[in-house]
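Close look at the chain arrangement
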Amino acid sequence: MVVNEQDLGVSRLQRVVLGKAAPRRIPPCPGLVHQHELTATVVLGLFTSLGESPTVTQLQEILAVAAVIALAGIALLVGLLRGRGRARGPGGKSKTLPPPRTPPWVDGGSESDVEGSLAGPAGGPTFDTLQPDVLEAPAHLPKIERPDSATGRLQRLRARLARSNTALGKGLLSLLSGGGLDEQAWEDVEDTLLSSDLGVEATMELVDSLRTRVTVEGARDEETVRGWLREDLLRLVDPTLDRSIASSRVDGRPAVVMVVGVNGTGKTTTVGKLARVLVAQDKDVVLGAADTFRAAAADQLQTWGERVGVPTIRSDRDGADPAAVAFDAVKAAVEMEVDVVLIDTAGRLHNKVGLMDELGKVKRVVEKQSPIDEVLLVLDATTGQNGLRQAEVFGEVVNVTGIVLTKLDGTAKGGIVVAVQRKLGVPVKLVGLGEGPDDLAPFDPEAFVDALIS
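Residues numbered from 1 in each chain as written. Predicted model: local features only at pLDDT ≥ 70, side-chain atom pairs only at ≥ 80, totals over all residues. Heavy atoms only, no water.

Overview of the packing of aromatic side chains
Note on aromatic pairs: each is described by the distance of the centres and the angle between the planes. As a reminder, the rule being used: Only centres within 6.5 Å qualify two rings of Phe, Tyr or Trp (six-membered ring in Trp) as a pair; their planes then separate them into stacked at under 30 degrees, edge-to-face at over 60, and tilted for everything else. For each residue, the accessible area found with a 1.4 Å probe, counting protein chains only, is set against the maximum for its type, and the residue is called buried under 20%, exposed over 50%, and partly exposed in between. Distance and angle both matter: a charge sits over a ring if NZ of Lys or CZ of Arg is within 6 Å of the ring centre and within 35 degrees of the ring normal.
One pass over the structure, following the stated rule, counts one aromatic pair. Seen in terms of ring centroids, Phe443 and Phe448 are 5.1 Å apart; in terms of plane orientation they differ by 55 degrees. Their pairing is tilted. By relative accessible area, which is 2% here, Phe448 ends up buried. We note Arg307 situated over the ring of Trp304; from NZ or CZ to the ring centre the distance is 5.3 Å.

In structure tokens form, the structure reads like this:
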């Protein structure tokens, strides 16, 4: 016996629910999982009840389909409303993002506006921002000085020289122009010249010349005597000597100047002041701090260099080999293609053989890199005849080519210029007439003699 579904009262809608026909699938809606489960339960219960009914009319099928559609619509609406509710904050306010703010710097705002925009709301948290690295300027940058020209500097400083040499100037003039020059008077003239450190040989030479002039011409007025004295002193100082400093490149290499002397004569200060003189002449200079024994000598020299923009080659530790430092300074000067390198050396007593031998070693090591064009011996002008002995020993070790007389504005006697030149056969090239940075002057024989007898 064949029993069909129609006879059992099973409608098409029941077949869909019972899996007899493929129903249309509704795509899931996010946030509506619970509503779909509820709808399916209700619909399933409805259809089950229909299936239990012995007779299902067409009207009932239509009502069932309408009920399903209505329930699905209600579930969809509820899901949408719940989804919007989650997007709202407390009190039903929307959690929409605030509109983007225009940066204050775009509208020409001030720096304080920018800081306020990063600080967060009043009473709220602040926000950390990444700040770009800013290079802070050093607390102190040394000011580069431009020294005055050294031309005519001795003329400007002659008053200092005249004040310290009244014995040789005014004292001698008063003796010669006073009249009645007997033997006692001439002995007083000799004593005056000797006390001015002129030296015995130069003193006798000058006295003989003055005696001859007085005897032949017989003049006694001060102006005439001053003229004679000026001529004879200028001849002793010898203006024909070459007093220039080696400061220009030689055969494609920098000139090398080494500064030597005993302790306390002012070598390091002289090197710093000499650098100023050369910078004023538009020379490119390098300093070599080869005085590695005296504490802070390299620092002192570097300070002098920084004031005029001159580099200093030095060792990182005290007590380093001075020959090595001097060698490195010359090597750096060659690589930098400067005009001149000035090498400061340690002070040493002229009667210490070991120290003098070490100075000779510095000279020999430097000469492996470059010939030495100038060796300046710094002498304290107040030491008088003792300075002459120093000059003699240093001249034997390092071949001195020029003399620097410091402290000539103090108690020094001007005659030391003549004495040291005669002793070594080399010229006085620089004189120190004060403690100021520009008080080192190229030696000018005429200005020097005029200052002595003014």
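Structure's up, so let's keep going.
Thoughts on the nonpolar core
The condition that has to hold: The term nonpolar core refers to a set of buried residues drawn from Ala, Val, Leu, Ile, Met, Phe, Trp, Tyr and Cys, joined through side-chain atoms within 4.5 Å. Labels follow the DSSP assignment, with helices taken as runs of H or I lasting at least four residues and strands as runs of E lasting at least two, numbered in each case from the N terminus. Contacts are residue-level and defined by heavy atoms, with any inter-residue pair within 4.5 Å sufficient.
Formed by 71 residues in total, the largest nonpolar core has its most connected members in Ile343, Ile403 and Leu405. Here the element with the most residues in this core is helix α11 (residues 222-237); it accounts for seven residues. In contact with Leu405, not counting residues within four places along its chain, are Leu379, Ala381, Ile416, Val417, Val428, Leu430, Val431 and Gly432. Val271, Val310, Val340 and Leu440 belong to the second largest nonpolar core, which has 25 residues in total.

Points about the pairing of strand β7 (residues 428-432)
This is how it is decided: A strand pair is defined by DSSP finding two or more bridges across the two strands.
The element β7 is extensively covered by neighbouring structure, given that five of its five residues are classed as buried. Here strand β6 (residues 402-406) runs beside β7; their pairing, made up of three bridges, is parallel. Following the sheet pairing, Ile403 is matched in β7 by Val428. Bridge count for β7 against strand β8 (residues 440-442) is three bridges, and the pairing is antiparallel. Within the sheet, the bridge partner assigned to Leu430 lies in β8 and is Pro442.

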